[in-house]
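# Observations on the three-dimensional arrangement
Here is how the chains run, residue by residue.
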There are 2 protein chains.
Amino acid sequence: MKFQAVKGTRDFYPSDMAVRNWILDGWKKVSVRNGFEEYDGPIFEYLKMFQVKSGDEIVEQLFSLTDRAGRKLALRPEITPTLARMVNQKISSLPKPIKWFSVPRLFRAERPQKGRLREFFQWNVDIIGVDDVLADAEVIFTAVDYLRDVGLTADDVVVKISSRKMLSNILKSIGITEKELEPLYSLLDKRNKLPQENFEQLLNQQIKDPEKRDNVLELMNADSLNQIGQNPILSDAAKDAVSELAQLFEILDTMGVKDFCTFDIGIVRGLAYYTGIVFEIYDKDSQLRAIGGGGRYNNLLKDFGGPDIPATGFGIGDCVLAILLEEKRILRKETLDNELDYYVAFANDKYKRLAIDFTSKIRRAGKSADFSYKSGKLGKQLKEASSRKAKNCIIIGSEIENEQLVVKDMDTGEQEIIDKDKFFKQLKK
Amino acid sequence: MKFQAVKGTRDFYPSDMAVRNWILDGWKKVSVRNGFEEYDGPIFEYLKMFQVKSGDEIVEQLFSLTDRAGRKLALRPEITPTLARMVNQKISSLPKPIKWFSVPRLFRAERPQKGRLREFFQWNVDIIGVDDVLADAEVIFTAVDYLRDVGLTADDVVVKISSRKMLSNILKSIGITEKELEPLYSLLDKRNKLPQENFEQLLNQQIKDPEKRDNVLELMNADSLNQIGQNPILSDAAKDAVSELAQLFEILDTMGVKDFCTFDIGIVRGLAYYTGIVFEIYDKDSQLRAIGGGGRYNNLLKDFGGPDIPATGFGIGDCVLAILLEEKRILRKETLDNELDYYVAFANDKYKRLAIDFTSKIRRAGKSADFSYKSGKLGKQLKEASSRKAKNCIIIGSEIENEQLVVKDMDTGEQEIIDKDKFFKQLKK
């Protein structure tokens, strides 16, 4: 019987696994240095939990299953609902602010496309308990800290930032009703992807009043936050939201990441649950899907049956990121191969047992080591040492009768004869 | 709406996540130093793939789901079928021997019990392409290398070893037919868990011939490999298998792990697919379930539609292991908390921007750092630094007017005034 992997999933052969580890370890390292603690939840949760934040449409995108008792479960398509559940469960005992990150494996039953798979990893960073634009700046800094750490520059990637609070207050200033807001968000969210003509056509269908429509168009064509702030139509609430966003950019400047960040009124984020700052990260040429995105979501914990606690965060997936890093030649599979500290070769079969003994001792001292299971010629073993990317090769030959080893530096090719006991003593240090 | 986690799954709060990372990172480290490369597969596969190795009974223990096209999938209950599929797919291009490890998340729809959850992690180590007891010794050494590395001794754990090849050949020498073998394996596998009386009763039902039965009983009561080897009833094939097992113990002695290993004829392993050496790892007091187990399975790749290639390996789960490590006080949650390299405090609100600036710079230099989002008294910030387990606290006070910082060592309490530029220059090294 021959079997295949399910479409949209990935097999991680060692060279693929090295890439996955390189990306996830980088996420973890940067999260920790930014003061975040790691958490994770189960791979599956009760299905209805995923409908709270994302509505009923999400059900179609879920891999669902049923437990023994007939309860409906689903593989998690995102970690935020789990985060909300976990935080709510222990809300009174958790020190605030809660600065948590996770690198969960997630699942979506979508048609696989470039940068979009059915099974993927996503870096999630959240701050819970701080209703201050400083926390939004912290999560944006953390995202940029990673991107910059791996070697991406402001010429490669851009964080496009706006404010949902600002947008809603300006739209209300224009006279858009609460009822009209939701479908308008969906349309504005697509604005950067639609030709101007199509966008205006769809806008015409949603907003019948030509004056309101012109005002929306003028708003969406604004190039700078300054230009928007000077619009006389703005309510006080809208003005406050504009100056909050301006403050965010000031903090990002203080943090030294302003060159990565830009204001873009077209960033809306589809989901209804965002309440403040919103942002998306793109490759500078906009050739790829969004690398990641996030924003403030002050109502989510309450919606999950918890107290009224503010929160902000982001998610960055591994698929689009890996494509970009490969395009930029930052991520190169061939450089990620496992190296071996020592390869232990034996010049004569009678020394094989010694090779086993020495290999075990080297490993026990914390270094990686391997040897040939077959009894083969020394030349063949040295070739094997090379192909295994061994940094050093120990050769057990006639010198061992004098309690000595040959240590060959595989980079320089230099050989050194060294007392066996001295070698193992050095190793332990 | 309030939600709960699904029964048998785990929420990993930061302190639980620290434990999980500690265990999995330990597995990874020891695997790499023993010359193994990491791989992984998808969380779900086609359901029928899991029936090849474990039969139809496994289906009841699976979480199954259906994809859009109506195909039956299942969450993986083990990684070996995926390993077989992946190796078979690239068999001709993979250098041999294949030494791979994985730390997959696995799923079983069983009733949760102590040490047995519906969702768990399992360390898997396999060598493919070597039909030599040396490879069996290598995987056993790797398991012991980990157990010893974390601090367990031969007084804490034991690897009980036998040979399926030996058992089958001895049983055949006794006159047990091929047909009687499978049900007998199942019974012998339970022998260590059953009272002698019950065991003999069940044996009576399976083996009608009293002479054969006595021979089986004598075999199963053997204390040493030597005793078995001297039994005159043994066929040549049985004698070969005995000396192979003796050779294994010699190699384990050479490797320096003999004190962890013991011969136990009662180790059979339930699954039909083992073909040679088999072993299980237990706590010395046998208070817990098996910590792990494995053995040689030379037919699996062929059964999965691939070529006839030998293989050996083991699996160790995280649940029983964690219980043992906690009992032995080796694993202590309280010692695994995240430490912070620097906490940046500000003595006056007017220095808050500087705190943001300095924190960002410290993180960028690769050290972990955090600061207070709130503007609070210095004493409160120092308390926060303490509770965050900061190693050092930077205090921005009036000294900053002279471009100087106060650096407080949180262990000793000592304070030092240092030039700001000098501090950041040192940090970058």
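No experiment lies behind these values; they were computed from the predicted model shown. (Residues numbered from 1 in each chain as written. Chains lettered and ligands numbered in written order. Predicted model: local features only at pLDDT ≥ 70, side-chain atom pairs only at ≥ 80, totals over all residues. Heavy atoms only, no water.)

## Considering the overall build of chain A
Scanning chain A from terminus to terminus reveals 15 helices and 17 strands. The C-alpha atoms of chain A give a radius of gyration of 28 Å, which is well past the 22 Å a tight globule of 429 residues would have. Seen through its C-alpha atoms, chain A measures out along the principal axes to roughly 95 × 55 × 45 Å. For chain A, long-range pairs separated by at least 24 residues make up 68% of all intrachain contacts whose partners lie at least 6 apart in sequence. Each charge class in chain A was averaged separately, 66 positive and 66 negative side chains, and the resulting centres sit 7 Å apart. (Helix = DSSP H or I, 4+ residues; strand = E, 2+ residues; numbered from the N terminus. Rg over C-alpha atoms; globule rule 2.2 N^0.38 Å. Contact = heavy atoms within 4.5 Å. Lys, Arg positive; Asp, Glu negative; His and termini not counted. Charge placed at Lys NZ, Arg CZ, Asp CG, Glu CD.)

## Quick word on the interface of chain A and chain B
Every contact between the two is made by 88 residues of chain A and, on the other side, 87 residues of chain B. Summed over both partners, the interface of chain A with chain B comes to about 8000 Å²; 57% of that surface belongs to carbon and sulfur atoms. Seen at the junction of chain A and chain B, the total is 12 salt bridges. When the shortest N-O distance is used, the salt bridge between Arg363(A) and Glu138(B) registers 2.7 Å. Seen at the junction of chain A and chain B, the total is 38 residue pairs in polar contact (both at pLDDT 80 or more). (Buried area = accessible area lost by both parts, 1.4 Å probe. Salt bridge = Lys/Arg side-chain N within 4 Å of Asp/Glu carboxyl O. Polar contact = N/O pair within 3.5 Å; in protein donor to acceptor, adjacent residues only side chain to side chain.)

## Some points on the layout of surface pockets
Residue and element names in this part refer to chain A. In this model, the second largest pocket occupies a volume close to 1700 Å³. Along the walls of the second largest pocket sit 49 residues, with Arg108, Arg116, Arg269, Glu280 and Ala290 positioned nearest its centre. Taken together, the residues of the lining of the second largest pocket break down into 16 nonpolar, 17 polar and 16 charged. Residues lining the lining of the second largest pocket come from more than one domain, with at least three contributed by each of domain 1 (9–131) and domain 2 (134–297). (1 Å grid on protein atoms, 1.4 Å probe; cavity = no way out; pocket = protein on both sides within 12 Å on 5 of 7 lines; lining within 4 Å. Points joined across faces, edges and corners; volume = space filled by probe spheres on them. Nonpolar A, V, L, I, M, F, W, Y, C, P; charged D, E, K, R; others polar. Domains from an automatic or database assignment.)

## Describing empty space enclosed by the protein
Residue and element names in this part refer to chain B. Applying the stated criterion across every chain yields a total of one cavity of 30 Å³ or more. What lines the largest cavity is Ile170, Ile174, Asn215, Leu219, Asn231 and Ile233. Contributions of two or more residues to the lining of the largest cavity are made by α5 (164–174) and α8 (210–220). Residue composition of the lining of the largest cavity, by class: four nonpolar, two polar and no charged.

## Things to note about the packing of aromatic side chains
Inspection of every chain in the model, using the stated rule, returns 32 aromatic pairs over all chains. On the basis of an interplanar angle of 50° and a centroid distance of 4.8 Å, the ring pair of Phe44(A) and Phe63(B) is categorised as tilted. Remark: Phe63(B) occurs in the loop between α2 (49–54) and β3 (64–66) and Phe44(A) occurs in strand β2 (residues 44–46); the pair is interchain, linking two chains. When its relative accessible area of 0% is taken as the criterion, Phe44(A) is described as buried. Residue Phe63(B) is classed as buried on the basis of its relative accessible area of 3%. Following the ring pairs from residue to residue traces out a cluster consisting of Trp27(A), Trp123(A), Tyr146(A), Phe279(A) and Phe314(A). Over the face of the ring belonging to Phe36(A) we find Lys99(A), whose NZ or CZ atom lies 4.6 Å from the ring centre. (Phe/Tyr/Trp six-rings, centres within 6.5 Å; stacked < 30°, edge-to-face > 60°. Buried < 20%, exposed > 50% of the residue type's maximum accessible area, 1.4 Å probe, protein only. Lys NZ or Arg CZ within 6 Å of the ring centre and 35° of its normal.)

## Considering the packing of helix α5 (residues 164–174) of chain A against helix α10 (residues 236–254) of chain A
All names here are of chain A. Where α5 contacts α10, the two axes come as close as 8 Å, and the packing angle between them is 150°. When the axes of α5 and α10 are compared, the pair comes out roughly antiparallel. The way α5 lies across α10 gives a crossing that is left-handed. Between α5 and α10, the contacting residues are Lys165, Met166, Asn169, Ile170 and Ser173 on the first element and Ala237, Ala238, Ala241, Val242, Glu244 and Leu245 on the second. Partitioned by chemical class, the residues of the contact of α5 with α10 number seven nonpolar, two polar and two charged. (Axes fitted to C-alpha atoms, helices over the stretch in contact; angles between N-to-C directions. Parallel < 35°, antiparallel > 145°, perpendicular 65-115°, else oblique. Left-handed = near helix turned anticlockwise from the far one by under 90°.)

## Remarks on a negative patch on the surface
Residue and element names in this part refer to chain B. Together, Glu197, Glu200, Asp209, Glu211, Asp214 and Glu218 line one region of the surface with negative charge. Take the negative patch: its biggest share by element is three residues, from α8. With respect to the helices and strands, the residue Glu211 is situated in helix α8. The exposure class assigned to Glu211 is exposed, which follows from its relative accessible area of 59%. (Patch = residues over 30% accessible without salt bridge, like charges linked within 9 Å, V, L, I, M, F, W, Y side chains within 5 Å. Areas by Shrake-Rupley, 256 points an atom, 1.4 Å probe, with all protein chains shown as cover.)

## Focus: the sheet that holds strand β17 (residues 415–419) of chain A
Residues and elements named next belong to chain A. One open sheet accounts for five strands, arranged β14-β13-β15-β16-β17; its pairing is mixed. Looking at which strands have only one partner, the edges of the open sheet turn out to be β14 (369–371) and β17. Pairs of neighbouring strands in the sheet enclose a mean axial angle of 25°, with direction left out of account. (Pairing = 2+ DSSP bridges.)

## Points about the relation of the copies chain A and chain B
Overlaying chain A with chain B gives an RMSD of 0.0 Å, the required rotation being 180° about an axis along which the chain moves by 0.0 Å. Considering both components of the superposition, the chain copies are consistent with a two-fold axis. Scanning chain A for the C-alpha nearest the rotation axis identifies Leu65(A), at a separation of 2.5 Å. Mapped onto chain B, 99% of the interface residues of chain A again fall at the interface, so both copies present the same surface. (Least-squares fit on C-alpha atoms with pLDDT ≥ 70 in both.)

## Things to note about unusual backbone geometry
Residues apart from glycine generally show negative phi values, whereas peptide bonds are mostly found in trans. Cis geometry marks the peptide bond from Lys96(A) to Pro97(A); its omega dihedral reads -5°. By the secondary structure assignment, Pro97(A) is in the loop between α3 (80–89) and β5 (98–102). A positive phi angle is found at Ser286(A), which is not glycine, with a value near 50°. Its location among the elements puts Ser286(A) in the loop between β10 (277–283) and β11 (292–296). Of note, Lys389(B) is a non-glycine position whose phi angle comes to about 60°, a positive value. Locating Lys389(B) in the fold gives a position in the loop between α14 (378–387) and β15 (390–396).

## Digging into the packing of helix α6 (residues 178–190) of chain A against helix α7 (residues 196–206) of chain A
Residues and elements named next belong to chain A. For the pair α6 and α7, the least separation of the axes is 11 Å and the interaxial angle reads 175°. When the axis of α6 is compared with that of α7, the two are roughly antiparallel. Residues Glu180, Pro183, Leu184, Leu187 and Leu188 of α6 form the contact with α7, whose participating residues are Phe199, Leu202, Leu203 and Gln206.

## Describing the nonpolar core
Membership of the largest hydrophobic core comes to 104 residues, with the highest contact counts inside it found for Phe423(A), Trp27(B), Trp123(B), Tyr146(B), Ile161(B), Met166(B) and Leu171(B). For this core, the element with the highest residue contribution is helix α4 (residues 133–149) of chain B, accounting for 11 residues. Once residues lying within four places of it in the same chain are set aside, the contact partners of Leu171(B) are Ile176(B), Leu181(B), Leu184(B), Tyr185(B), Leu188(B), Val216(B) and Leu219(B). In terms of nonpolar packing, the next biggest core, distinct from the first, is built from 102 residues, Val30(A), Ile176(A), Leu325(A) and Tyr342(B) among them. (Core = buried A, V, L, I, M, F, W, Y, C linked by side-chain atoms within 4.5 Å.)

## Remarks on α3(A)
Because the α-helix completes a turn every 3.6 residues, residues three or four places apart line up on one side. The element α3(A) is largely enclosed, with a buried count of nine among its 10 residues. Turning to α3(A), its buried residues number three or more, namely Thr80(A), Pro81(A), Thr82(A), Leu83(A), Ala84(A), Arg85(A), Met86(A), Val87(A) and Asn88(A).

Scope: geometric values only; no functional claims are made or implied.
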